[in-house]
Amino acid sequence: MVSQASRLRDVRYDIRGPVLRRARQLEADGHQILKLNLGNPAPFGLHATDDVLGGVVSSIGDAQGYSDARGIHPARQAVAESYAAKGVAGVGPDDVFLGNGVSELIVMALQGLLDPGDEVLIPSPDYPLWTGAVGLCAGRPVHYHCVEEEGWAPDLDHVAEQITPRTRALVIINPNNPTGAVYPRDTLLGLLDLARRHGLLVLTDEIYDQILYEDAVHECAAALAPDLLVLTLGGLSKTYRLAGFRSGWLVVSGPRDDAGEYLEGLELLANMRLCPNVPAQYAIVPALRGDYSIAGLLQPGGRLREQRDHAWQKMIEIPGVDCVKPAGALYLFPRLDPDVYKIADDERMVIDLLEQQHLLLSHGTGFNLPTADHLRLVFLAQVDVLDDAIGRLASFLDGYHQ
């Protein structure tokens with residue numbers, strides 16, 4: 001018998017877990033599944049620009065060997081310049097690590113930081129890779145509340161209550177997946193002040209930093225706290241619609257004097273993977289230095305704006321369903337009123353939805369929410385597809401019980 005490593009037994013990544021496996025079984029049986037479970041732009045006809053793709057094609061001959069373990073210099077320079085433009089001081093190409101998506105860099109950052117039993121503060125709900133990666137690195141994920149009635153803003157008092165002598169780092173996901181929250185400046189300053197007072201490393205996931213609606217403003221955490229060591233994560237997957245390229249970055253900012261050993265460890269881990277995917281790195285310079293802007297998709301009349309507005313309105317028209325209107329990102333995270341829908345197991349609910357309506361959504365507890373009363377729906381699809389999907393959900397919920 002070949003057994004699973006013990007460190008994996010408490011690691012979960014439910015958005016690609018049993019529900020997705022059941023969807024694949026149904027597809028194998030010949031059913032067509034409407035998939036609104038992943039923030040993957042390309043299947044919905046949202047593609048990168050020709051300039052960005054052309055940069056990769058024209059450089060393919062130069063991408064046949066290993067690169068620097070941190071990534072090619074021009075791409076790291078472009079990333080550093082983009083953060084300088086956001087007000088992040090003292091960042092150069094040597095402070096940038098490129099990776100096979102933000103996911104790889106999250107794991108690397110935590111592998112280099114955590115000893116067994118060390119704690120990391122993570123929002124609830126979260127992007128579940130953060131929780132899973134902490135566990136994979138033998139750490140202990142500690143979740144802090146985000147308050148739905150306050151637009152899913154973190155509860156600063158609750159964050160403070162979770163800090164112990166074992167706490168090593170604070171994770172900020174802004175704009176937030178799955179809720180679409182964009183944190184106010186005062187909230188970010190409060191989080192950063194807690195990190196300052198308790199000597200915590202700040203890990204800030206800002207992959208959706210340009211996907212903002214109406215008057216939402218994204219504040220770069222590293223720019224607000226030049227006196228703190230901050231690792232900022234971003235990439236091309238969402239704003240630049242290149243999820244399959246797995247082209248991400250990690251930017252180190254703030255004082256490094258007391259972090260030399262940690263940063264040496266981060267470089268060691270970068271060396272051990274040899275380098276990130278080289279062809280994908282060549283998309284970074286044309287993306288960051290080109291004249292591309294996602295703003296047209298986000299303004300009134302723009303595709304993402306219209307899809308968000310339409311999906312949100314249709315969702316809240318379902319009896320017993322309410323939803324904070326997302327200020328950023330690509331998701332609705334509606335709440336099913338527990339007085340209307342008696343749901344004890346939301347994973348079972350989304351499997352029932354899948355089997356009855358052939359609609360694939362994600363369940364709220366998969367994002368480390370403690371209650372079984374939320375769903376996540378991706379609104380990347382065209383309006384008519386969203387109408388179909390939300391209609392299926394409404395039909396399913398009508399009379400559903402466990």
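Everything here concerns the structure above.
Predicted model only: the values in this text are computed from it and were never measured. (Residues numbered from 1 in each chain as written. Predicted model: local features only at pLDDT ≥ 70, side-chain atom pairs only at ≥ 80, totals over all residues. Heavy atoms only, no water.)

### Topic: the overall build of the protein
Within the protein one finds 15 helices and 15 strands. Its C-alpha atoms give the protein a radius of gyration of 21 Å, within 12% of the compact-globule value 21 Å for 402 residues. By residue count, 57% of the 402 residues in the protein fall in the buried class. Pairs at least 24 residues apart make up 74% of the contacts formed inside the protein by residues separated by at least 6 positions. Working note: accessible area of the protein is about 16800 Å², and carbon and sulfur atoms make up 49% of it. Placing the 33 positive and 53 negative side-chain charges of the protein at their respective mean positions leaves the two points 4 Å apart. (Helix = DSSP H or I, 4+ residues; strand = E, 2+ residues; numbered from the N terminus. Rg over C-alpha atoms; globule rule 2.2 N^0.38 Å. Buried < 20%, exposed > 50% of the residue type's maximum accessible area, 1.4 Å probe, protein only. Contact = heavy atoms within 4.5 Å. Areas by Shrake-Rupley, 256 points an atom, 1.4 Å probe, with all protein chains shown as cover. Lys, Arg positive; Asp, Glu negative; His and termini not counted. Charge placed at Lys NZ, Arg CZ, Asp CG, Glu CD.)

### Digging into the pattern of salt bridges
Tallied over the full model, the rule gives 26 salt bridges. In this structure, E81 engages R289 in a salt bridge whose closest nitrogen and oxygen atoms are separated by 3.2 Å. Highlighted residues: E81 in helix α3 (residues 73-85) and R289 in helix α11 (residues 284-289), separated in sequence by 208 residues. (Salt bridge = Lys/Arg side-chain N within 4 Å of Asp/Glu carboxyl O.)

### Description of the side chain of Q281
Looking at the secondary structure, you find Q281 in helix α10 (residues 278-281). Q281 gets classed as buried once you look at its relative accessible area, which sits at 2%. One polar contact links the side chain of Q281 to the main-chain amide nitrogen of I72, over a distance of 2.6 Å. Aside from chain neighbours lying at most four places away, what touches Q281 is S67, G71, I72, A75, L98, S247 and P276. (Polar contact = N/O pair within 3.5 Å; in protein donor to acceptor, adjacent residues only side chain to side chain.)

### Quick notes on the sheet that holds strand β8 (residues 230-235)
If you trace the 8 strands from one edge of the open sheet to the other, you get β2-β9-β8-β7-β6-β3-β4-β5, paired in mixed fashion. Each edge of the sheet is formed by a strand with only one pairing partner; in this case those strands are β2 (96-100) and β5 (153-154). In the sheet, strand β4 (residues 140-147) pairs with β5 via 2 bridges, with the strands oriented antiparallel. Considered in β5, the bridge of C146 is made with P154. Sheet strands touched by helix α4 (residues 101-111): β2, β3 (119-124), β7 (201-205), β8 and β9 (247-253). Its angle to β2, the strand with the most contacts, is close to 120 degrees. (Pairing = 2+ DSSP bridges. Axes fitted to C-alpha atoms, helices over the stretch in contact; angles between N-to-C directions.)

### Looking at the pairing of β4
Relative to β4, β3 runs parallel, the two sharing 6 bridges. Pairing of I122 across the sheet is with H143, part of β4. Each parallel crossover has a hand, and for β3 linked through helix α5 (residues 129-136) to β4 it is right-handed. Two successive antiparallel strands, β4 and β5, enclose a turn made up of 5 residues, where G151 displays a positive phi of approximately 70 degrees. (Right-handed = clockwise from strand over helix to strand, strands pointing away.)

### Observations regarding helix α7 (residues 185-198)
For α7, with 14 residues, the first-to-last C-alpha span of 20 Å sits near the 20 Å given by 1.5 Å per residue. Those residues of α7 that sit buried are T187, L188, G190, L191, L192, L194 and A195. The positive-phi residue at the C-terminal boundary of α7 is G199, with phi of around 65 degrees. (Expected span 1.5 Å × (residues − 1).)

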